[in-house]
Amino acid sequence: MANVVTIEAEARARAGKGAARATRRAGRVPAVIYGAHLAPSLISLEPRSVLRELTRAGWQSRVYEVAVDGVPTRALIRDVQFHPVSDAPEHVDFQRLAAGEKIRVAVPVHFDNEALSTGLKRGGVLNVVRHAVEVYCDPDHIPEQFVADLDGLDFNDNVRWHDLKGIEGTQPVITGRDFATVAPPTKMAEAAAEAAPTAVAAPVVAAPAAKAPAAKKEGRDKGRKG
């Protein structure tokens, strides 16, 4: 079951930039709840509650129960707009969840047992390509995280989708991608590159220069005196 967090909200009557600015002047964050084949709901949030959630890891995959004047609506935070100077949240988009409809959500990947990785113990580096993976899943069963077990991984070993734990009931949006690689130390990689045989170019032999035509002797065709 997904971890559900309740967040309090108030309904607001008008849409548009002017109404949103008025909401901010009143000390609230304008927001909207859309989706599930229903009309959008205009709401406002308390800024501290928004910041509290945005500073917690995994908010993009967390299910929220948005209580609008006491009526709860389950939703995901899909987008947050920030002030270009202060970075304060200026608008929040929620996607309403419908029972039985699969949703697309980003689930964080946690890397476990780094101390048991053969390559990392030999001085290698964990090169993380993706810290989260987008999947389709039921909104009632959104995983809090996937786990990548690094136990026994050596140099150049990869972590792929089928290596992750906790993926049951989910379907990746994109398959065939690596999430991490155990890379060898930089000096070792450079030494391997230097030791690799290189092709030797064949020496270039210059073609012999063409002989210049012999100069005609002056008077060769002239009649001789006598």
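Structure's up top.
Residues numbered from 1 in each chain as written. Predicted model: local features only at pLDDT ≥ 70, side-chain atom pairs only at ≥ 80, totals over all residues. Heavy atoms only, no water.

(A) Main features of the packing of aromatic side chains. According to the stated counting rule, one finds two aromatic pairs in the structure shown. Considering the side-chain rings of Tyr64 and Phe94, the 6.4 Å spacing of their centres and the 80 degrees angle between planes classify their relative orientation as edge-to-face. Residue Tyr64 is located in strand β4 (residues 63–68), and its partner Phe94 is located in strand β6 (residues 89–96); the two are separated by 30 residues in the primary sequence. For Tyr64, a relative accessible area of 0% corresponds to the buried category. Residue Phe94 is classed as buried on the basis of its relative accessible area of 0%. Seen in terms of ring centroids, Phe146 and Trp161 are 5.7 Å apart; in terms of plane orientation they differ by 90 degrees. Their pairing is edge-to-face. With Phe146 in strand β10 (residues 146–149) and Trp161 in the loop between β11 (158–160) and β12 (164–165), the pair connects residues that are 15 residues apart, well separated along the chain. A relative accessible area of 0% means that Phe146 is categorised as buried. Take Trp161: its relative accessible area is 16%, and that puts it in the buried class. A cation sits over an aromatic face here: Arg130 above Phe179, 6.0 Å from the ring centre. (Phe/Tyr/Trp six-rings, centres within 6.5 Å; stacked < 30°, edge-to-face > 60°. Helix = DSSP H or I, 4+ residues; strand = E, 2+ residues; numbered from the N terminus. Buried < 20%, exposed > 50% of the residue type's maximum accessible area, 1.4 Å probe, protein only. Lys NZ or Arg CZ within 6 Å of the ring centre and 35° of its normal.)

(B) Molecular detail of the sheet that holds strand β13 (residues 171–172). If you trace the five strands from one edge of the open sheet to the other, you get β12-β10-β7-β9-β13, paired in mixed fashion. Both outer strands of the open sheet, β12 and β13, are each paired with one neighbouring strand and no more. (Pairing = 2+ DSSP bridges.)

(C) Structural context of unusual backbone geometry. Residue Asn113 is not a glycine yet carries a positive backbone phi of 60 degrees. Mapping Asn113 onto the fold places it in the loop between β7 (103–112) and α3 (118–121). Residue Asn113 is classed as partly exposed on the basis of its relative accessible area of 27%. Even without a glycine there, the phi angle at Asn156 is positive, about 70 degrees. Mapped onto the secondary structure, Asn156 falls in the loop between β10 and β11.

(D) Quick look at the pairing of strand β9 (residues 132–137). Burial along β9 is one-sided: the face carrying Val133, Val135 and Cys137 is buried and the face carrying Ala132, Glu134 and Tyr136 is not. Where β7 meets β9, six bridges bridge the pair, whose relative direction is antiparallel. Looking across to β9, one finds that Ala106 is bridged to Glu134.

(E) Summary view of the environment of Val109. Looking at the secondary structure, you find Val109 in strand β7. On the accessibility criterion, Val109 (9% relative accessible area) is buried. Sequence separation between Val109 and Ala148 is 39 residues, and the spatial gap between their C-alpha atoms is 6.9 Å. Excluding anything up to four places from it in sequence, Val109 contacts His131, Ala132, Val133, Phe146, Ala148 and Leu164. (Contact = heavy atoms within 4.5 Å.)

(F) A look at the nonpolar core. Core analysis: the biggest nonpolar cluster contains 26 residues, and Val135, Phe146, Val159, Trp161 and Leu164 have the highest contact counts within it. At the level of elements, β7, β9, β10 and β14 (178–183) are the ones that each hand at least two residues to this core. Sort the elements by how many residues they give to this core and β7 lands first, with five residues. Not counting chain neighbours up to four residues away, the residues in contact with Phe146 comprise Val107, Pro108, Val109, His110, Val133, Val135, Trp161, Leu164, Lys165, Gly166, Ile167 and Thr170. (Core = buried A, V, L, I, M, F, W, Y, C linked by side-chain atoms within 4.5 Å.)

(G) Spatial organisation of the sheet that holds strand β8 (residues 125–128). Strand order in the open sheet formed by three strands is β8-β14-β11, and the pairing between neighbours is antiparallel. Because the sheet does not close on itself, it has two edges, and the strands there are β8 and β11. Pairs of neighbouring strands in the sheet enclose a mean axial angle of 15 degrees, with direction left out of account. The sheet contact formed by β8 and β14 spans four bridges and is antiparallel. Bridge pairing in β14 links Leu126 to Val182. (Axes fitted to C-alpha atoms, helices over the stretch in contact; angles between N-to-C directions.)

Function cannot be inferred from these measures alone, as they are strictly geometric.
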